[in-house]
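# Results of the structural survey
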Amino acid sequence: MFKRRVALLVAIAFLMTIILPGFLSAPTKAVAASKNPIVFKIYWGDSNAEPVDVWKTPIGKKVEQITGVRLQFEFIVGSDEETKAGIMLASGDLPDLINAHNVVNKFIEAGALVPLDNYIAKYGKNIKKWYDTKALKKLKYPKDGHIYYLTPFREESDPLYSFAGFWLPIYVLKENKWPVVRDIDTYFKIVKDAVKKHPTYNGKPTIGFTALTDSWRIYVLMQQPLRLEGYPNDGGWLIDEKTGVVKDSYTMPYAKTYYKILNQMWNEGLLDKEMFSQNYDQYLAKISSGRVVGFYDERWQIQSAIDSLEKQGLYDRIPIAMPVLKKGVKRDRYNVVTMGTGAGISITKKCKDPVAAFKFLDRMAGEDILKLINWGIQGQDYYVKNGKMYKDAKQIQNYMNPDYRKKQGIGGNIWFAFPRPPFDWTYSDKSGKISWDYSDQALEQRYKPYEKEVLKAYKIKSFKDLFSPTWNSPYGYGWDIKLPDDLQAIQNQADDLQRRYITKAIMAKPGEYDKIWNEYLNKMKNIPIKKVIDFRQKEIQRRLKEWN
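Nothing here was measured: the structure is a model prediction, and the numbers come from that model.

Criteria and cut-off values
Here the residue index of a chain counts from 1 through its sequence in written order. Reporting in this predicted model follows two pLDDT cut-offs: at least 70 for local features of residues, and 80 or more for side-chain atom pairs to be given and counted; totals over whole chains, interfaces and linings ignore these cut-offs and use all residues. To obtain the side-chain values, all non-hydrogen atoms of the structure were included, while hydrogens and water were left out. A run of DSSP states H or I qualifies as a helix once it reaches four residues; a run of E qualifies as a strand once it reaches two. Both are numbered from the N-terminal end. Polar contact criterion, stated in full: a pair of N or O atoms within 3.5 Å, where within protein one must be able to donate a hydrogen and the other to accept it, and residues adjacent in sequence count only if both atoms are side-chain atoms. Partly exposed residues are those whose accessible area sits between 20% and 50% of the maximum for their type, while under 20% is buried and over 50% is exposed, using a 1.4 Å probe and protein chains only. The arc under discussion is defined with respect to the helix axis, by the directions toward the C-beta atoms. In what follows, residue pairs with any heavy atoms lying within 4.5 Å of each other are defined as contacts. Criterion used throughout: strands pair if DSSP finds at least two bridges between them. Fitted lines through C-alpha atoms serve as axes, helices being fitted only where they are in contact, and the angles separating the N-to-C directions of these axes extend from 0 to 180 degrees. Here a cavity denotes a set of grid points, spaced 1 Å apart and computed over the protein atoms alone, in which a 1.4 Å probe fits but from which it cannot get out, and a pocket denotes an open set meeting protein on both sides within 12 Å along at least five of seven lines; residues with an atom within 4 Å of a point are reported as lining. Grid points are joined across faces, edges and corners, and a volume is the space filled by probe spheres set on the points. Under this grouping Gly is polar, as are all residues other than the nonpolar Ala, Val, Leu, Ile, Met, Phe, Trp, Tyr, Cys and Pro and the charged Asp, Glu, Lys and Arg. Basic side-chain nitrogens of Lys or Arg form a salt bridge, by our definition, when they fall within 4 Å of a carboxyl oxygen of Asp or Glu. Two aromatic rings from Phe, Tyr or Trp, using only the six-membered ring of Trp, form a pair when their centres are within 6.5 Å; if the ring planes differ by under 30 degrees the pair is stacked, by over 60 it is edge-to-face, and anything between is tilted.

## As for the environment of Lys286
With respect to the helices and strands, Lys286 occurs in helix 14 (residues 280-288). With 14 residues separating them in the primary sequence, Lys286 and Asp272 have C-alpha atoms 10.0 Å apart. A polar contact is formed between the side chain of Lys286 and the side chain of Asp272, at a distance of 2.9 Å.

In structure tokens:
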């Protein structure tokens, strides 16, 4: 009798393990929807995103089962987001959903997007949990007061790595006895000495300093003088953090000084001769080759090059960010934490079912889906013990492997763009942080052995310890201020002139730099950039008044 009872209990327990989790986590509607999902077409206009159809991954398939929605992606080809947006708007051929990235204002101004305000109020159960009244207020388009997307740019900052900096490879830092390089003169001296000491690597010339100049990504070259002056990335604008006064960087005095240094290095053969012709992939390939000594960039843009160097085992060639400034500047603003207003996913006016599309976006902000896309599949990518999520050694190894994450569908640029809380917030069941990257376990495990050796050499716990403390910006990010078309046209004119002339000035022959720079300044006088400054000034003052 006892054995029969045990057998019966085991059988019941076995059935419960199969039936109960599915019963509790998969509502009837979701199961039904998974058999006949709603298909939404989505245009992914973020030219930085790797074109991965996450819906085809194991996690993407589970998201479809839960939401009853399948996305059909169209990814931008190349990086000219503005031209593609113009073509779409002119043709009127719009998908159901759109991630308009840097040109979302074009779609808003054209009246192509659905205001979300009423949907948020009526159906935004999850969204209202993560975006409070203050956050939603920040997302109102200043011109008409409507919300057109839920920004994914939340108030979070990676505790392990600096967001940006001037980079030097580990072998160079080691040879120089682990200096914290704080001034640009010392930085370029180290670059020159490294090239002199190691003129070639793997049979190819060592590159002293390179820059990313492909399409809109050239901003990393244009913002270098601002960074050296101690300003954050505000889209090429100098914003006084105390007064909110805005100035333009096109004619800032230090720009002439800085680019003249690059001009001298160009003529000395220390600058990458292909830096104005290479595309983004070629730039990354060059860093991945291990023969580049110095460059300025933001970590997210070079992460794949770091991954590649790790995969090749070229650990001493992996670059580390340094808090470089102009001599005399005391603190940097390489690390900022604030809620931005950058574009997320919008619903277009051609959407076949806007209510269903919004409910889908809200469902994507549900905690079960946030766990799925940020932690992975329970039992495969993490476990739960005593109510806490954790990864074992093998799962951590998988998570740290970019190829595995891509194949499995964990994290990445696509999921990033959906409505969500900051990654360092905690799930309501207290099981862990939204993203494993911000968990206590990750802080102990994410650093790889070679990184721990560098941290030990510098006697620091985090690479961010080399930089000034992370700054909380009261006005958000200056780069996400959206200009009306007429002012955007003026700014584009100034940007084009700046790019042409700075390129020309850096490549100028000895003795020609000052003449080219003066010509540039004279031409810039013909552009009414003050109208753009005044608009930005007004918007910054509005933000300071309403957001604080």
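Now that the structure has been shown, we can carry on.
## As for helix 22 (residues 449-458)
Among the residues of helix 22, those classed as buried are Tyr450, Glu451, Val454, Leu455 and Tyr458. Angularly, the buried residues of helix 22 cover 140° about the axis, an arc narrow enough to put them on a single face. With respect to the buried face of helix 22, the exposed residues turned more than 90 degrees away are Pro449, Glu453 and Lys456. Where helix 22 is buried, its residues contact helix 9 (170-175), helix 15 (299-312) and strand 11 (319-322). Directly after helix 22, the chain includes Lys459, whose backbone phi takes a positive value near 60°.

## Points about the sheet that holds strand 11
Pairing in this open sheet of 4 strands is mixed, and the strands run 7-10-4-11 from one edge to the other. At either end of the open sheet lies a strand with only one pairing partner, and these are strand 7 (207-209) and strand 11. Each adjacent strand pair in this sheet contributes to an overall mean axis angle of 30°, direction not counted. Pairing of strand 4 (residues 164-169) with strand 10 (residues 292-298), which is carried by 4 bridges, proceeds in the antiparallel orientation. Across the sheet, residue Ala164 finds its bridge partner in strand 10, namely Glu298. Along the sheet face, helix 14 touches strand 7 and strand 10 and points at about 130° away from the line of strand 10.

## Comments concerning empty space enclosed by the protein
The final tally for this structure, using the stated rule, is 2 cavities of 30 Å³ or more. Reported here for the largest cavity is a volume of approximately 110 Å³. Around the largest cavity sit 14 residues that line it, and Tyr161, Trp167, Arg299, Ala321 and Phe463 are the ones nearest its centre. Of all the elements in the fold, those that place two or more residues in the lining of the largest cavity are helix 15, strand 11 and helix 22. No other element matches strand 11, which puts 3 residues into the lining of the largest cavity. Taken together, the residues that form the lining of the largest cavity break down as 11 nonpolar, 1 polar and 2 charged. Approximately 40 Å³ is the volume found for the second largest cavity. Lining the second largest cavity are Pro169, Ile287, Gly290, Val292, Val293, Phe295, Arg317 and Pro319. Residue composition of the lining of the second largest cavity, grouped by class: 6 nonpolar, 1 polar and 1 charged.

## Structural notes on the pattern of salt bridges
In this structure the tally under the stated criterion is 34 salt bridges. As a salt-bridge pair, Asp96 and Lys352 come within 3.1 Å of each other at their nearest N and O atoms. Placement of the pair is Asp96 in the loop between helix 4 (81-91) and strand 3 (97-99) and Lys352 in the loop between strand 13 (346-347) and helix 16 (354-364), with a sequence separation of 256 residues. Between Glu274 and Lys286 there is a salt bridge, and its shortest N-O distance comes to 2.7 Å. In this pair, Glu274 sits in the loop between helix 13 (253-267) and helix 14 while Lys286 sits in helix 14, placing the two residues 12 residues apart along the sequence. For Glu274, a relative accessible area of 43% translates into the label partly exposed. Residue Lys286 is classed as buried on the basis of its relative accessible area, which comes to 8%. Through salt bridges with shared partners, a single ionic network connects Asp480, Glu539, Arg542, Arg543 and Glu546.

## Topic: the packing of aromatic side chains
This model, assessed by the stated rule, comprises 44 aromatic pairs. Consider the rings of Trp266 and Phe276, whose centres lie 6.2 Å apart with planes at 45°: the pair is tilted. Taken together, the residues span a long stretch of sequence, with Trp266 in helix 13 and Phe276 in the loop between helix 13 and helix 14 at a distance of 10 residues. On the accessibility criterion, Phe276 (22% relative accessible area) is partly exposed.

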